[in-house]
Amino acid sequence: MAPSSRSGKQLKPAMKKGASAVPPSPGEALASPAARRVTPKQRTNSVATPSVASRKRLKVALVGFGTVGRSVAKLLSLDPNGPLLLTHICNRNIEKKRVDWVPDRVRWTENIEDLLSSDSDVIVELVGGLQPAGDWIRRALRAGKSVVTANKLLIAESGPELLKLARDTGQHIEFGASVAGGIPAIVAIQEGLAGDRLSKIEGILNGTCNFILTQMEANGASFAEALKEAQERGFAEANPRDDIEGFDARAKLVILTQAGLRLQVRSDQIPCAPISTVEAVDFIYAREIDCTIRQISLAQKESGAGRVNLFAAVRPALIPAQSLLAHVQGSQNMVIATGEFVGQIVLSGYGAGGDPTAVAVMSDLHAILRRSTVPPERQVSPGAPLQIPHTVSGEFTVPHYLRFVVRDRPGIVAEVASILSKYHIGIDALLQRPGYPRSALPFTMTLESCSSEVLAHALAEVGRLDFHVQPLLCLPILQG
Ligand SMILES: NC(=O)c1ccc[n+]([C@@H]2O[C@H](COP(=O)([O-])OP(=O)(O)OC[C@H]3O[C@@H](n4cnc5c(N)ncnc54)[C@H](OP(=O)(O)O)[C@@H]3O)[C@@H](O)[C@H]2O)c1
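Residues numbered from 1 in each chain as written. Predicted model: local features only at pLDDT ≥ 70, side-chain atom pairs only at ≥ 80, totals over all residues.

Enquirer: What am I meant to see in the overall build of the chain here?
Expert: Within the chain one finds 17 helices and 16 strands. When the 480 residues of the chain are sorted by exposure, 45% land in the buried category. Within the chain, contacts between residues separated by at least 24 positions form 77% of all contacts whose residues are at least 6 apart in sequence. (Helix = DSSP H or I, 4+ residues; strand = E, 2+ residues; numbered from the N terminus. Buried ≥ 20, exposed ≤ 12 C-beta atoms within 10 Å, placed from the backbone. Contact = placed C-beta atoms within 7 Å.)

Here is the structure:
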């Protein structure tokens, strides 16, 4: 134990700008290499700093008493004599939120200032959204408090900046709950796989979309029917746009790309496509080629000639029916990381919900407690420094699936084939099942591997032909 911990008094030293008395956390390893060097001055500070663990307790103030916040308060209340002590609960309209199972000593408040000016060690932010959560987190760090958050939107938008602020103020910010809920994806990738060089992260990162697609697959339900059921069963929000359009999964992919591929990327650089274009008939045709359909988030790093390029996208895709991703059912998530030496590592489980997500928050609190017992000079930060990729592209060269719904007439296939051939795109197979009216006849084509950018040009031409009853659907066929 560091000599400082024997004094057993206050947690936080008076911090000067640029002097970090708290060792870097895995989260903070996203910061620059210079940021992770321990200076003699920092060592001096650390010797004078009593650790949290010396007091055996971490005082935890919670803001946001909703789905996840309630579960976190429940877990914190399970062990009133444990090392994590719940001190405050902050939410708007607090009188409507009060419950009797929280210990009496906990202070209920509507005023964030009560938390910021308190002697709490950590603020747990479970409000969500960019603001006011972002300001509260920045103020908490400046007030000398560490932060735990599940806020994927905020971390995807401002993760590196918040990590730098945490480092500059000598605090920790942890966000293990922001990706895949109860699955310890960030810690596994960032700490467990720190010894490898990861080249690819893919997965199913949105339980709502996976629930809808697996309902369509199992019951032949339409997208609208499956969405309604997801809403009735609490798997989808009243406004499911962020899930359906892929924005939620994209925010998580940004965080995983930074944590695992060590590439700094913005959400708006990663293309995403909605799952609402997928219809029940697509599962029938997918099955004919031994595939199924899932919303796949994929980030792949390619290095060469001194440059690093990132290929990343979130969209519905065909994947082999026997693949691991195809076996992910209902609201479950899966993350697959591929390393140069370790090969594939698979993590799966419940990626959302109050209790699973609360477990990730609790684990982050324990990590802060644990790290505070190790002096800075003994800490090793996992992960290489972050790089900015030379290019970020959603263009993959893969086989594709096309679904047309047409007013039938002779010559349709020949016209489509002629345009595809002009772009040097080969047709692999043509599938047409009986039993549909000629006025709205679905048929599908699978294409040989081609660049999605070239294909987009060809499909723009195909889309102008006169027989379409509805826009054609194009999905990539991935390895899974
Ligand atoms: N739910 C999940 O499965 C899950 C999984 C992973 C990550 N997360 C993340 O966890 C965070 C919380 O999610 P959640 O599902 O628990 O959300 P939630 O159920 O909507 O809870 C948010 C809580 O914050 C309160 N709140 C919102 N704005 C506030 C403000 N300006 N001032 C004071 N209180 C405010 C809300 O009060 P009202 O009740 O009055 O609105 C509510 O009690 C989000 O960042 C989310 O992305 C959630």
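Next comes the rest of the write-up.
Enquirer: Could you clarify how one ought to interpret the sheet that holds strand 11 (residues 343-350) in this entry?
Expert: What links the strands of a sheet is backbone hydrogen bonding, and the strands pair in either a parallel or an antiparallel sense. Read across the open sheet, the six strands follow the order 11-10-7-8-9-12; overall the sheet is mixed. Across the chains shown, the open sheet's two edge strands, defined by having one partner strand only, are strand 11 and strand 12 (391-393). Each neighbouring strand pair of the sheet contributes to a mean axis angle of 15 degrees, computed without reference to strand direction. With four bridges connecting them, strand 7 (residues 198-204) and strand 8 (residues 291-304) associate as antiparallel partners. In the strand pairing of strand 8, Ile201 is matched with Ala299. On top of the sheet, helix 13 (residues 247-261) reaches strand 7, strand 8, strand 9 (307-320) and strand 10 (332-339); it is set at about 35 degrees to strand 8, its chief contact. (Pairing = 2+ DSSP bridges. Axes fitted to C-alpha atoms, helices over the stretch in contact; angles between N-to-C directions.)

Enquirer: How do you make sense of the sheet that holds strand 16 (residues 468-476) when you look at a structure like this?
Expert: Here four strands make up an open sheet; going across it, the order is 14-15-13-16 and the pairing antiparallel. Each of the sheet's edge strands pairs with one partner strand only, and the pair in question is strand 14 (427-431) and strand 16. Here the average twist between neighbouring strands, direction ignored, is 15 degrees. The pairing of strand 13 (residues 397-406) with strand 16 spans six bridges and is classified as antiparallel. Its bridge partner being in strand 16, His400 is matched across the sheet by Pro476.

Enquirer: I'm lost on the site of the ligand in this one. Help?
Expert: The local shell around the ligand holds 21 residues, among which Gly66, Val68, Gly128, Ala150 and Ala352 are the closest. For the shell around the ligand, the element with the most residues is helix 4 (residues 67-78), which contributes three residues. (Near = placed C-beta within 6 Å.)

Enquirer: For this particular structure, what's the right way to read the nonpolar core?
Expert: Soluble globular proteins tend to bury their nonpolar side chains together. Counting 122 residues, the largest nonpolar core has Val60, Leu62, Val72, Leu318, Val361 and Leu365 as its most contacted members. Those residues in contact with Val361 that lie beyond four places of it in its chain are Val68, Val72, Val124, Val148, Ala150 and Ala177. (Core = buried A, V, L, I, M, F, W, Y, C linked by C-beta atoms within 7 Å.)

Enquirer: Would you take a moment to explain helix 8 (residues 152-169) for this structure?
Expert: Spacing of three or four residues puts side chains on the same side of an α-helix, whose turn is 3.6 residues. Between its terminal C-alpha atoms helix 8 stretches only 22 Å, short of the 26 Å expected from 18 residues at 1.5 Å a residue. At Ser158, helix 8 shows its strongest bend, of approximately 85 degrees, with the proline Pro160 following within four residues. Residues of helix 8 that are buried: Lys152, Leu153, Leu154, Ile155, Ala156, Gly159, Leu162, Leu163, Ala166, Arg167 and Thr169. Looking one or two places after helix 8, you find Gly170, whose phi comes out positive at around 75 degrees. (Expected span 1.5 Å × (residues − 1). Bend = angle between axes of the 7 residues up to and from the residue.)

Enquirer: Help me out: how do you make sense of the pairing of strand 4 (residues 122-125) in this one?
Expert: Residues in a regular strand point their side chains to alternate faces of the sheet. Of the two faces of strand 4, the one carrying Val122 and Val124 and the one carrying Ile123 and Glu125 are both buried. Here strand 1 (residues 58-63) runs beside strand 4; their pairing, made up of four bridges, is parallel. Looking at the pairing, Val60 lines up with Val122 of strand 4. Bridge count between strand 4 and strand 5 (residues 146-149): four bridges; the pairing is parallel. Within the sheet, the bridge partner assigned to Glu125 lies in strand 5 and is Thr149.

Enquirer: Any chance you could explain the environment of Val398 here in plain terms?
Expert: Tracing the backbone shows Val398 in strand 13. With 18 C-beta atoms packed within 10 Å, Val398 lands in the partly exposed category. Sequence spacing of Val398 and Ser452 is 54 residues, and the spatial spacing of their C-alpha atoms is 7.5 Å. Setting aside chain neighbours within four positions, we find Val398 in contact with Ser449, Pro476, Ile477 and Leu478.

Enquirer: Even after reading the chapter, I still don't get unusual backbone geometry, so can you show me in this structure?
Expert: Leave glycine aside and you will find that most residues have negative phi; peptide bonds, for their part, are mostly trans. Along the chain, Gln131 connects to Pro132 via a cis peptide bond; the corresponding omega equals 5 degrees. Assignment of secondary structure puts Pro132 in the loop between strand 4 and helix 7 (133-142). One non-glycine residue, His424, lies in positive phi territory at about 60 degrees. Take His424: it is sitting in the loop between helix 16 (412-422) and strand 14. The class of His424 is exposed, set by 10 C-beta atoms lying within 10 Å.

Enquirer: Please clarify how the packing of helix 10 (residues 207-219) against helix 11 (residues 223-232) should be interpreted in this entry.
Expert: Between two packed helices, what matters for the description is the angle formed by their axes and the separation of those axes. In contact at an axis separation of 9 Å, helix 10 and helix 11 are set at 130 degrees when each is read in the N-to-C sense. Viewed along their axes, helix 10 and helix 11 adopt a mutual orientation that is oblique. Of the two elements, helix 10 crosses helix 11, and the hand of that crossing is right-handed. Contact with helix 10, carried on its side by Thr208, Phe211, Ile212, Gln215 and Met216, involves Phe223, Ala226, Leu227, Glu229 and Ala230 of helix 11 and no other residues of that element. Grouping the constituent residues of the contact of helix 10 with helix 11 by class yields seven nonpolar, two polar and one charged. (Parallel < 35°, antiparallel > 145°, perpendicular 65-115°, else oblique. Left-handed = near helix turned anticlockwise from the far one by under 90°. Nonpolar A, V, L, I, M, F, W, Y, C, P; charged D, E, K, R; others polar.)

Enquirer: Mind showing me how you'd approach the environment of Leu58 here?
Expert: Structurally, Leu58 can be placed in strand 1. Residues Leu58 and Leu369 lie 311 residues apart in sequence; the distance between their C-alpha atoms is 6.8 Å.

Enquirer: Help me understand helix 7 in this model?
Expert: Buried residues of helix 7: Trp136, Ile137, Ala140 and Leu141, and no others. Along the axis of helix 7, the buried positions cluster into a sector of 130 degrees, meaning they face one direction only. Gly144, located one to two residues past helix 7, shows a positive phi value of around 85 degrees. (Arc of directions from axis to C-beta.)

Enquirer: Explain the pairing of strand 5 here, please?
Expert: Residue alternation in strand 5 divides its side chains into two sets, Ser146 and Val148 and Val147 and Thr149, and both sets are buried. Each parallel crossover has a hand, and the one from strand 4 via helix 7 to strand 5 is right-handed. As paired elements, strand 5 and strand 6 (residues 173-174) share two bridges and run parallel to each other. Bridge pairing in strand 6 places Val147 opposite Ile173. Viewed along the sheet, the connection from strand 5 through helix 8 into strand 6 turns out right-handed. (Right-handed = clockwise from strand over helix to strand, strands pointing away.)

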